[in-house]
Amino acid sequence: MDHDEITRWLREEDPEALTRLWARADEVRRDNVGDQVHLRGLIEIGNYCVRRCGYCGLSAGRSGLQRYRMSAGEILDCAAQAVEYGYGTVVIQAGEDPLLTAEFIGGLVAEIKSTTPLAVTLSLGERGDEELAHWRSAGADRYLLRFETSNRGLFDRIHPPLGDRRSDRPAMLLRMAEMGYEVGSGVMVGIPGQTYDDLAGDVETFARLNLDMIGLGPYIPHPDTPLGAETGAGADQAPASEELTYRVMALARLVCPLANIPSTSALATLNLAEGRELGLARGANVVMPNLTPRQYRPMYEIYPAKACIRETARQCHSCMRSRIESLGRSVGLGPGASPNYLARRRQTSGDVTCVQ
Ligand code: SAM
């Protein structure tokens, strides 16, 4: 699919054509990653962040947010809960926080890997190659880092550099793949200043980076952030809508048929009743029930009115299961590595030890 065709789909106004897009994405999903929906237990281990991202409620520039870091014991309790609920993976996510040191995270990963069958995904922001290699050798399986937008000028505007360190997330993602990580990235849809043309470039970038996992959701303004007051009302502004997010998701499935694609909580935030289900019917095959202890959830406020911040982990667990079953799909068993990763590993190293 070339740039023009992607752009046409993003702008398509004919409802019948869109129905065909959803059906095609669902068919490609079924043929390539199957009917199982994998559950990833999300643990938001801390909300300290050194970054000043214009869009994010965890930004260092934000005052008035109570900050927290979970202890190793609390995180391991969440991992034990993941095992109890039958999840195959935990996703350990936080703001970019140097006090979550290489040793602390490495010890945690090693402990989870030696005491549970879980795959471990890390999502801790832009970290150095040494730390990433250390965590990989401690047993970390996957890393998630969204490139947020492929428009370099827009990215620089919403994601100021840290000191003289200019971010190059696509390059980092390629290095992670070389280290043997299963690599996930993605974007926000409808960032002020983001055009349809930019979004088409994002979809092309998913394919160019040969991503194993693609996470995307609508941009949701946070009033206490610099970007929160911007409307981005330029003529070609892409709306931060639920429907445009499904289009990007469906196109991501078409250009990366073997990737794992979550139906994200940002979608559920826009449409609690059926956002997750519509995502799963339009290309997605993963959901991420939240395991974060309830007292911390309101503090992980990347955007306001996040879905499911008052539920317990047990409530999230049974809610997700029944949503999946209501679609006639089944809950995935085991770590659920992306077929793209498994194929890549077989091609590059003949390594067959990666988690299935
Ligand atoms: N610090 C890590 C990082 O930057 O990759 C992980 C945590 S960060 C909060 C996770 C993701 O939240 C970001 O990649 C971004 O896409 C998303 N996010 C942050 N603020 C958002 C907003 N206002 N609306 C939608 N998504 C947002």
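See the structure printed just above.
Anyway, here's the lowdown on the structure attached to this text. (Residues numbered from 1 in each chain as written. Predicted model: local features only at pLDDT ≥ 70, side-chain atom pairs only at ≥ 80, totals over all residues. Heavy atoms only, no water.)

Another point: the overall build of the chain. Summing up its helical and strand segments, the chain has 13 helices and 8 strands in all. Its C-alpha atoms give the chain a radius of gyration of 19 Å, near enough to 21 Å, the size a compact globule of 356 residues would have. Each principal axis of the C-alpha atoms in the chain carries an extent, and together these give about 50 × 45 × 40 Å. Burial analysis of the chain (356 residues in total) assigns 57% to the buried set. The long-range share in the chain, meaning contacts at least 24 apart out of those at least 6 apart in sequence, stands at 78%. Working note: accessible area of the chain is about 14200 Å², and carbon and sulfur atoms make up 52% of it. (Helix = DSSP H or I, 4+ residues; strand = E, 2+ residues; numbered from the N terminus. Rg over C-alpha atoms; globule rule 2.2 N^0.38 Å. Buried < 20%, exposed > 50% of the residue type's maximum accessible area, 1.4 Å probe, protein only. Contact = heavy atoms within 4.5 Å. Areas by Shrake-Rupley, 256 points an atom, 1.4 Å probe, with all protein chains shown as cover.)

What follows concerns the side chain of arginine 247. Along the chain, arginine 247 turns up in helix 9 (residues 242–255). Residue classification places arginine 247 among the buried positions, given a relative accessible area of 7%. When near neighbours in sequence (up to four residues on either side) are disregarded, arginine 247 contacts Trp9, Leu10, Arg11, Glu12, Leu18, Leu21 and Trp22.

Here the focus is the packing of helix 3 (residues 72–84) against helix 4 (residues 102–115). With their axes 11 Å apart at the nearest point, helix 3 and helix 4 run at an angle of 30 degrees to one another. Once helix 3 is placed against helix 4, the crossing between them reads as right-handed. Residues Ala72, Ile75, Leu76 and Ala79 of helix 3 pack against Phe104, Leu108, Glu111 and Ile112 of helix 4. Looking at side-chain class alone, the contact of helix 3 with helix 4 contains 7 nonpolar, no polar and 1 charged residues. (Axes fitted to C-alpha atoms, helices over the stretch in contact; angles between N-to-C directions. Left-handed = near helix turned anticlockwise from the far one by under 90°. Nonpolar A, V, L, I, M, F, W, Y, C, P; charged D, E, K, R; others polar.)

Counted under the stated rule, the structure contains 25 salt bridges. The partner of arginine 166 in a salt bridge is aspartate 156, and the shortest N-O contact between them spans 3.2 Å. Of this pair, arginine 166 sits in the loop between helix 6 (152–158) and helix 7 (169–179) while aspartate 156 is found in helix 6, placing the two residues 10 residues apart along the sequence. Judged by relative accessible area, which is 57%, arginine 166 ranks as exposed. With relative accessibility at 28%, the residue aspartate 156 sits in the partly exposed group. Several salt bridges converge on common partners, so that one network encompasses Arg51, Glu96, Glu126, Glu148 and Arg169. (Salt bridge = Lys/Arg side-chain N within 4 Å of Asp/Glu carboxyl O.)

On to the nonpolar core, then. The tendency in soluble globular proteins is for nonpolar side chains to be buried side by side. Ranked by size, the top nonpolar core spans 93 residues in total, and within it Leu122, Leu124, Trp135 and Phe206 carry the most contacts. Among the elements that make up this core, the one with the highest residue count is helix 9 (8 residues). Setting aside residues up to four positions removed in sequence, tryptophan 135 forms contacts with Thr101, Ala102, Ile105, Gly106, Val109, Leu122, Leu124, Arg127, Ala140, Tyr143 and Tyr181. (Core = buried A, V, L, I, M, F, W, Y, C linked by side-chain atoms within 4.5 Å.)

We now examine the site of the ligand. Inspection of the region around the ligand gives 19 residues, with Tyr55, Ala94, Arg146, Glu148 and Ile220 positioned closest. Between the ligand and alanine 94 there is a distance of 3.0 Å, counted from a nitrogen atom to a backbone nitrogen or oxygen. Contact distances for the ligand include 2.7 Å between a nitrogen atom and a backbone N or O atom of isoleucine 220. Protein chains shield 93% of the accessible area of the ligand, which is 560 Å² for the free molecule. Looking at the shell around the ligand residue by residue, the class counts come to 11 nonpolar, 4 polar and 4 charged. (Near = heavy atom within 4 Å. Polar contact = N/O pair within 3.5 Å; in protein donor to acceptor, adjacent residues only side chain to side chain.)

Turning our attention to the pairing of strand 5 (residues 182–189). With 8 of its 8 residues buried, strand 5 lies for the most part within the structure. What you see with strand 5 is no split at all: Glu182, Gly184, Gly186 and Met188 on one side and Val183, Ser185, Val187 and Val189 on the other are buried throughout. Of the strand pairs in this sheet, strand 4 (residues 142–144) and strand 5 are connected by 3 bridges, and their pairing is parallel. Bridge pairing links tyrosine 143 to valine 183 in strand 5. In this sheet, strand 6 (residues 213–218) lies alongside strand 5 in parallel orientation, the contact comprising 6 bridges. Bridging across to strand 6, serine 185 finds its partner in isoleucine 214. Note on the crossover from strand 5 through helix 8 (residues 196–208) to strand 6: the handedness is right-handed. (Pairing = 2+ DSSP bridges. Right-handed = clockwise from strand over helix to strand, strands pointing away.)

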